[in-house]
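For reference, the chains in residue letters:
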Amino acid sequence: MARGKLRIYLGAAPGVGKTYAMLSEAHRRVERGTDCVVAYVEHHNRPRTEVMLHGLEQLPRKELDYRDAAFTEMDVDAVLRRAPAVALVDELAHTNIPGSRNAKRWQDVEELLAAGIDVVSTVNIQHLESLGDVVESITGVRQRETVPDEVVRRADQIELVDMSPQALRRRMAHGNIYKSDKVDAALSNYFRPGNLTALRELALLWVADRADEYLKQYRSEHRVSAIWGSRERIVVGLTGGPEGRTLIRRAARLAEKGAGGEVLAVYISRSDGLTSASPKELAVQRTLVEDLGGTFHQVVGEDIPAALLDFARGANATQIVLGSSRRKAWQYVLGPGVGATVARESGPDLDVHIVTHEEVAKGRGLPVARGARLGRGRIIAGWLVGLVGPAAMAVLLNTVELGLANDMLLFLTFTVAAALLGGLFPALASAAFGSLLLNYFYTPPLHRLTVADPKNIVAIVVFFGVALSVASVVDLAARRTHQAARLRAESEILSLLAGNVLRGETGLEELLERVRETFGMESAALLERAGDVEPWSCAGRAGVGPAPARPEDADVDVPVGDHMALALTGRVLPAENRRVLGAFAAQAAVVLDRRRLQEEAERARALAEGNRIRTALLAAVSHDLRTPLAGIKAAVSSLRSEDVDWSEEDRAELLEGIEEGADRLDHLVGNLLDMSRLQTGTVTPIIRETDLDEVVPMALVGVPEGSVELDVPETLPMVEADAGLLERSVANLVENAVKYSPADRAGHVVVVSASAIADRVEVRIVDRGPGVPDDAKERIFEPFQRCGDAPRGAGVGLGLAVARGFAEAMGGTLDAEDTPGGGLTMVLTLRAAGSVAAAAEPTAEATAQAVAEPERQAS
C-alpha cells in the first residue's frame, strides 16, 4: 500500500489561523469530491473555527479516564476502519492521555500515513524539538509538548500560516483566541510584541530552510551545475583542539542568521603524516557538526593555510571561521600563524572570522609529533650549521686559548646540532670538517695536517665516532617516526572512508569527490574498459577539467583489477599514498558495481511495468476496440440489408455513426502506437525553432466549434520543439479538457493561452470541469488511467500519458494544476528558442517561481 501524504500548516503562535486554514482546505477538497473526514480538531470555543466544522464528517473520539476525569483523544482504530482518503488531525505535537494507543499524536499520524491515508495537520514553531531551548530563552516558557523535527521535515507539503504580531494581538484583544478573562494576562506575557516577532522570525527561517531543501532536490533532479547564491556557506577550520566545539557552534549561529546557511567543518592533516589532533576530540567535533546540520571533511595538505583556502574556494564558501591562535607570544617569532595568513590571502570574496576562546595563548595543549622526515628547510639549515658553524668557531678560538678537550666539545656541539636539524649527511660533513679544523689549528704540529701525539689521534677518532653515532640515531628516529605518523594518517583517512560507507554515502561521484578533496587533486575519475584491447571509458568523475582518456595520461593512477583504474590529475603524489588510494579505488569499484545492480533492478522493474501495460492494453482493447467496431459493423450491415428501405435521414445517421466509430478507432490506434513508441524509446524528435501561433491552431482541428478560446499572442518568442509532437500533445490536452468540461454551463469554454516567462514559454489549457484531487495529479499521466468514474467508452486513458511523453522528449514538462474557481489547468512548458544552455541550467528567477508556483496554486 502506498504511504499517505502529510500536509502541515505551520504557525508562529496560537491563534494565527492554522486550524481555520486546515478546515478551509478540507471544504475545498470535499467540494472536489475527495473523501475527507475530521479525525480530531479542537476549535477551543472559537466561533469562526467552530462554524468551519459544519458540513464535514466528524469521526467519534475515544474516551479515556485518567485521575478521576474523562478525556477524549483521537480514535485511531475508528479512522483506520473508516479508511478515508484524507483525515484532519489537529495539534500534531499533542501528548496523548496515558492509556492511549501511542504516547504522542504524531505517532498516531504515522500509523494513518502507513495505512495509505493522507493527513492534514497543524503545529506551532515552538513545538519543534530542536527549538525548545531557543523558544524558552525568548518567552520564558518551556514547551513540554514537542514533535521531532524530522517528522515535520518529512511532510510532503508545509504551508506557513503567517500573521503580523500587531494583527495577532488585535485578534487576541477582540476575544477571537482566548476568553476575555485571559486576554490581559496573555497580552502582557506570552503574546508580547517582542515574543511574537521572534517566534515569527523562527517560523519564517525554518520554512525558508525547508524551501532550500526543495531547491537542492530540484537542482539535483535537473542537473543544474551553476552556483546560485541563495545561502551563506561557512567553512570552519578545525585543529583537533578543544576550541573546535566553540568554533562549530559559532559558525552554526552565523549560518542561522543568513538565508539558510551551510556549515562545512574541515580538518587539514599534513601530507607528511604529522598531526597533533586527538582522534577522540575530532570524533566528538564531527558528531557535533553533523548534529547541527553541517558536514565534516578531512583534507591532506602540505601548507595548512593554502589547503584551507583551496577547500573554501572549491566549496564556493563565503566565510571562514578560525579560532584565535593557541600559540604563546614567543612562538610568533616563527611566523604569523594560520589565522593571519588565511586572512591575508583570502581576497575580497571570503570573509574570515577570528573567534576567541578559552584556550587562547595557552599553548597547543596537545603533544606535537616531531622528528618525521626532514623537510628541505631543515636540511639546508643542517648544512649551514654543520659547515659554517665550525668555521666561525675556529676563527673565534684563534683569539682564545681553551685547550684541545674544550675545543673538541665546542666543535661536537655543532655536529650534534647539524644532526638534529639536517640528519645524517650534514652531520657527517660537519664531523669530517670539524676533524680537519681541529687537526690543522689545534693539534701539534699546528697549521699542518699531521698529528704528532698519538693521544690526539685517538681524540679525533673518538670525536668523529660520536658525531657519526648521533647522526645515525637522529636519522633512524626520523624514519621510524615518519612511518608511525604515516600509518596514523592512513588510518584516519581509512576511518573516514569507512564512516562514509556506514552513513550511506554510496554515490560514486560523492566518493570520487571525497578522494579529490582528501588529496587536494584537481580531478578524480574511475576509468574502465571491457577488454585488453578495448578503449578506456569514464564511469564517473569529480572535479574540474576533462577526465583523462587513459590511466597513463593521469598524474596518479591506481589499478583496480584488470580493466579498471582510479585516475587523478593535479599533482604527483608520494608513493606512500598509493596504499590509501588503493582502498578508495576498491570502494569506488564496489560502488560502481552496486549502481549497476540497481540499474539492472530498474530495468527489471521497467520490464515488469511493460508486462503490466501489455496486460492493461489487452483489457482495454477487449472493450474499447470492440465497441466502435461493433457499431460500424451493425451500421454497415443495416445499410446493406435489402429487407429495409432506409430513408435518407436514416441512411445519413448510420453513415455518421460509421464515421464516428472510424474516428474513434483512428484516435485509439494513434494513441496506442504513440504509447508503444514512447515505451520502446523510439521517439526521436526533430527539434527546431517553432512558432506557437502556427502549431497550436492546427491542434484544434476537430474539436466542437465554440468549445475552445485561443489566446496565443503573435509576439511570443519561438520555442525549441518538434512541430508534429507539439501538435499531438496540445491536441490530446485540448481533447481531454473539452471532454471533461461542463456542457450545460454557458461561457465555460476551454481556454488555450500562452505566455513567456524568463527563458521558457508556457502553454496553458484551462477547463472548468470537476478538477482532479491533489493525490491524483500525477496518476492521471500514467497509461490506462481514467479520472474518477469516467465511462469505459471515454477512451483507454492514454491521451495524457502520450502528451507528457512527447513533452519530455522535446525537453519540456507537463504538469497539472488546479484552476482557480474550479477545474483543471494543464501547463505545457517549453524552452524558448536560443536558450538551450539555459534549459540545462535554469535561472534563479525561474527556479524560484517553480518552487513558489505549487504553493501558490495549493493555497
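Everything below is about the structure printed above this text.
Now for a look at the structure at hand. (Residues numbered from 1 in each chain as written. Predicted model: local features only at pLDDT ≥ 70, side-chain atom pairs only at ≥ 80, totals over all residues. Heavy atoms only, no water.)

Re the packing of aromatic side chains
Argument step 1. Taken as a whole, this structure holds 3 aromatic pairs when the rule is applied.
Argument step 2. In this structure an aromatic cluster arises from ring pairing among Tyr-178, Tyr-190 and Phe-191.
Argument step 3. The positively charged end of Arg-61 is found above the aromatic ring belonging to Tyr-40, 4.0 Å away from the centroid.
Argument step 4. Positioned above the aromatic ring of Tyr-40, the side-chain terminus of Arg-105 is 3.9 Å from the ring centre. (Phe/Tyr/Trp six-rings, centres within 6.5 Å; stacked < 30°, edge-to-face > 60°. Lys NZ or Arg CZ within 6 Å of the ring centre and 35° of its normal.)

Regarding a negative patch on the surface
Argument step 1. On the surface, Glu-648, Glu-649, Asp-650, Glu-653, Glu-656, Glu-659, Glu-660, Asp-663 and Asp-666 cluster together into a patch of negative charge.
Argument step 2. What makes Glu-656 partly exposed here is its relative accessible area of 45%. (Patch = residues over 30% accessible without salt bridge, like charges linked within 9 Å, V, L, I, M, F, W, Y side chains within 5 Å. Areas by Shrake-Rupley, 256 points an atom, 1.4 Å probe, with all protein chains shown as cover. Salt bridge = Lys/Arg side-chain N within 4 Å of Asp/Glu carboxyl O. Lys, Arg positive; Asp, Glu negative; His and termini not counted. Charge placed at Lys NZ, Arg CZ, Asp CG, Glu CD. Buried < 20%, exposed > 50% of the residue type's maximum accessible area, 1.4 Å probe, protein only.)

Regarding the packing of helix 22 (residues 723–740) against helix 23 (residues 799–809)
Argument step 1. Contact geometry for helix 22 and helix 23: axes closest at 9 Å, N-to-C directions at 150°. Overall, the two elements helix 22 and helix 23 adopt an arrangement that is roughly antiparallel. Between helix 22 and helix 23 lies a crossing of left-handed hand. Contacts from Leu-725, Arg-728, Ser-729, Asn-732, Leu-733 and Asn-736 of helix 22 reach helix 23 at Gly-799, Leu-800, Val-802, Ala-803, Phe-806 and Ala-807. (Axes fitted to C-alpha atoms, helices over the stretch in contact; angles between N-to-C directions. Helix = DSSP H or I, 4+ residues; strand = E, 2+ residues; numbered from the N terminus. Parallel < 35°, antiparallel > 145°, perpendicular 65-115°, else oblique. Left-handed = near helix turned anticlockwise from the far one by under 90°. Contact = heavy atoms within 4.5 Å.)

Quick word on the side chain of Ser-121
Argument step 1. Within the element layout of this structure, Ser-121 appears in strand 7 (residues 118–124).
Argument step 2. Looking at Ser-121, its side chain comes within polar contact range of the main-chain oxygen of Val-89, at 2.7 Å.
Argument step 3. Every residue in contact with Ser-121, bar those within four places of it in the chain, is listed here: Arg-7, Ile-8, Tyr-9, Met-22, Val-89, Asp-90 and Leu-92. (Polar contact = N/O pair within 3.5 Å; in protein donor to acceptor, adjacent residues only side chain to side chain.)

Considerations on the sheet that holds strand 17 (residues 564–569)
Argument step 1. Read across the sheet, 4 strands follow the order 15-14-17-16 without closing on themselves; strand pairing throughout is antiparallel. In this open sheet, the two edge strands, each paired with only one partner strand, are strand 15 (537–543) and strand 16 (556–559). Mean inter-strand twist for the sheet, computed between neighbouring axes without regard to direction, equals 15°.
Argument step 2. Two elements, strand 16 and strand 17, share 4 bridges in a ladder whose sense is antiparallel. Bridge pairing in strand 17 places Val-558 opposite Leu-566.
Argument step 3. Its contacts with the sheet put helix 18 (residues 508–519) on strand 14 (523–528), strand 15 and strand 17, and the angle it makes with strand 15 is roughly 55°. (Pairing = 2+ DSSP bridges.)

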